[in-house]
Amino acid sequence: METIVQVQGLRKTYGATVAVDDISFVVHEGEIFGMVGPNGAGKTTTIECLEGLRKPDAGTVRVLGVDPQQEGQTLRLRAGMQLQQSNLPDRMKVWEALDLYASFYPKPLDWRDLLVQLGLEEKRNTPFGKLSGGQKQRLFIALALLPDPQLVFLDELTTGLDPQARRAIWDLVRDVRARGKTVILTTHFMEEAERLCDRVAILDRGKIVALDTPEALIRALGAEERVVFHIEGNLPPAFASALSEGTRLEVQGERATVYSRNGRQVPLVVEVVGLLSAQGIRYRDLRTEQPNLEDVFLSLTGREMRD
């Protein structure tokens, strides 16, 4: 696969604060590459260095074969950018924004086609200030696609959106990749990274602490699968003693959780339901929970709140 982005030893500081601390990675053609991490982990600073909006203090960055600092104009003709703090004048109509931005590029896509493809045709005469959050984000995607870029940057694209709008945006991101584009995105949402990304870099305090496919990161964690259910009254001691070796029980009020490692001969949910039925224990809201990228994220970055 062709290398679209190559970063080696990237470092960026703001006074005494080290925002990005000697990170290296590559992005391949046609993949969705995600960067996740707590607030202040260095995600936006990293993506802005790739876009040429910030100058690194050290390291080398090559995007589509060029140095973003030395050949920023060339890069902006070949890469689409949706910034974390994107905004437009409230009175500017959707079609006006697209028509204006199209004039910036020598060979833009037809913005009328983008209106249709991104479900904005009915909003073409709507002022920006009257659009919903999801409609604004679709417009920003359209603006990023106008130069017909090889690479698209999406920075915290779905922050502040409701679940329905977020999933609609996910479909649009998949469609962008289906067009043959490479996508680099940052996100706070672990489910978003797990659903969308081919590979994920987890950043913490300016460093990459893990980088792989979501599936490989989850597998390497060795996290336990879980069966969660609610009980009426107390679980009898016989339930816990009947659980198979390597399985453990945790009870908090009416909520019971049974944990076990993967690789069992009998699925955990089959064992738990069998024991509950055999012992006549009344339960409700039983569900299984598989390890996910959020478990990896919390394991690597910790659970403490950060500013």
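Summarised in this report is the structure supplied together with it. (Residues numbered from 1 in each chain as written. Predicted model: local features only at pLDDT ≥ 70, side-chain atom pairs only at ≥ 80, totals over all residues. Heavy atoms only, no water.)

**Digging into the sheet that holds strand β10 (residues 225–231)**
Phase 1: Here we have four strands laid out as an open sheet, ordered β11-β12-β10-β13, and antiparallel in their pairing. The open sheet has two free edges, formed respectively by β11 (247–252) and β13 (283–289), since each of these has just one partner strand. Geometrically, the sheet is characterised by an average inter-axis angle of 15 degrees between neighbouring strands, direction not taken into account.
Phase 2: Here six bridges tie β10 to strand β12 (residues 255–260), and the two strands are oriented antiparallel to one another. Following the sheet pairing, Val-227 is matched in β12 by Val-258. (Pairing = 2+ DSSP bridges. Helix = DSSP H or I, 4+ residues; strand = E, 2+ residues; numbered from the N terminus. Axes fitted to C-alpha atoms, helices over the stretch in contact; angles between N-to-C directions.)

**Some words on the pattern of salt bridges**
Phase 1: In total, this model carries 20 salt bridges according to the counting rule given.
Phase 2: Residue Glu-31 pairs with Arg-199 through a salt bridge whose shortest N-O separation is 2.8 Å. You can see Glu-31 sitting in the loop between β2 (17–28) and β3 (32–36) and its partner Arg-199 sitting in strand β8 (residues 199–204), a full 168 residues away along the chain.
Phase 3: What you see here is one network of salt bridges that share partners, running through Arg-226, Arg-287, Glu-289 and Asp-295. (Salt bridge = Lys/Arg side-chain N within 4 Å of Asp/Glu carboxyl O.)

**Let's talk about the environment of Asp-22**
Phase 1: When you line up the elements, Asp-22 lands in strand β2.
Phase 2: Along the primary structure Asp-22 and Asp-67 are separated by 45 residues, whereas in three dimensions their C-alpha atoms are 18 Å apart.
Phase 3: Setting aside its immediate chain neighbours within four residues, Asp-22 contacts Gly-9, Leu-10 and Arg-11. (Contact = heavy atoms within 4.5 Å.)

**Comments concerning the packing of helix α5 (residues 133–145) against helix α6 (residues 163–178)**
Phase 1: Between α5 and α6, the least distance of the axes is 10 Å, while the angle of their chain directions is 15 degrees. With respect to their mutual orientation, α5 and α6 come out roughly parallel. Read as a crossing pair, α5 and α6 show a hand that is right-handed. For the pair α5 and α6, contact is made by Gly-134, Gln-137, Arg-138, Ile-141 and Leu-145 and by Ala-165, Ile-169, Leu-172 and Val-176, respectively.
Phase 2: The residue inventory of the contact of α5 with α6, partitioned by class, reads six nonpolar, two polar and one charged. (Parallel < 35°, antiparallel > 145°, perpendicular 65-115°, else oblique. Left-handed = near helix turned anticlockwise from the far one by under 90°. Nonpolar A, V, L, I, M, F, W, Y, C, P; charged D, E, K, R; others polar.)

**Some remarks on the packing of aromatic side chains**
Phase 1: Going through the model one piece at a time under the given rule, you end up with six aromatic pairs.
Phase 2: Look at Phe-25 and Phe-33: their rings are 5.3 Å apart centre to centre, the planes differ by 10 degrees, and that puts the pair in the stacked class. Phe-33 shares its class with Phe-25; the two are buried.
Phase 3: Geometrically, the ring pair formed by Trp-95 and Trp-111 is stacked, given 6.3 Å between the ring centres and 25 degrees between the ring planes. (Phe/Tyr/Trp six-rings, centres within 6.5 Å; stacked < 30°, edge-to-face > 60°. Buried < 20%, exposed > 50% of the residue type's maximum accessible area, 1.4 Å probe, protein only.)

**Some points on helix α11 (residues 293–301)**
Phase 1: All of the buried residues in α11 are Leu-293, Asp-295, Val-296, Phe-297 and Thr-301.
Phase 2: Contacts from the buried residues of α11 go to β3, α7 (190–196), β8, α8 (214–221) and β10.
Phase 3: One side-chain oxygen of the residue at the start of α11 lies 3.1 Å from the amide nitrogen of Glu-294, identifying that residue as Asn-292.
Phase 4: Gly-302 lies just past α11 and shows a positive phi near 90 degrees. (Polar contact = N/O pair within 3.5 Å; in protein donor to acceptor, adjacent residues only side chain to side chain.)

**Observations regarding helix α10 (residues 268–278)**
Phase 1: When we look at burial in α10, the residues that qualify are Leu-268, Glu-271, Val-272, Leu-275 and Leu-276. The buried residues of α10 occupy an angular sector of 125 degrees when the element is viewed end-on, so they sit on one face. Those residues of α10 that are exposed and aimed more than 90 degrees away from the buried face are Ser-277 and Ala-278.
Phase 2: The secondary structure elements touched by the buried residues of α10 are β10, α9 (237–242), β11, β12 and β13. (Arc of directions from axis to C-beta.)

**What about unusual backbone geometry?**
Phase 1: Notably, Leu-64 is not glycine yet its phi reads approximately 55 degrees, a positive angle.
Phase 2: Position of Leu-64 relative to the elements: it lies in the loop between β4 (58–63) and α2 (72–78).
Phase 3: Judged by relative accessible area, Leu-64 falls into the buried class, the value being 8%.
Phase 4: Positive phi, normally seen in glycine, also occurs at Asp-285, with a value near 55 degrees.
Phase 5: If you trace the backbone, Asp-285 turns up in strand β13.
Phase 6: According to the relative accessible area criterion, Asp-285 is partly exposed, its value standing at 48%.

**Thoughts on the sheet that holds β2**
Phase 1: Taken in spatial order, the three strands line up as β2-β1-β4 in an open sheet, and their pairing is antiparallel. The open sheet has two free edges, formed respectively by β2 and β4, since each of these has just one partner strand. Across the sheet, the axes of successive neighbouring strands diverge by a mean angle of 15 degrees, strand direction being ignored.
Phase 2: Where strand β1 (residues 3–14) meets β4, five bridges bridge the pair, whose relative direction is antiparallel. The residue bridging Gln-6 from the neighbouring strand is Arg-62, located in β4.

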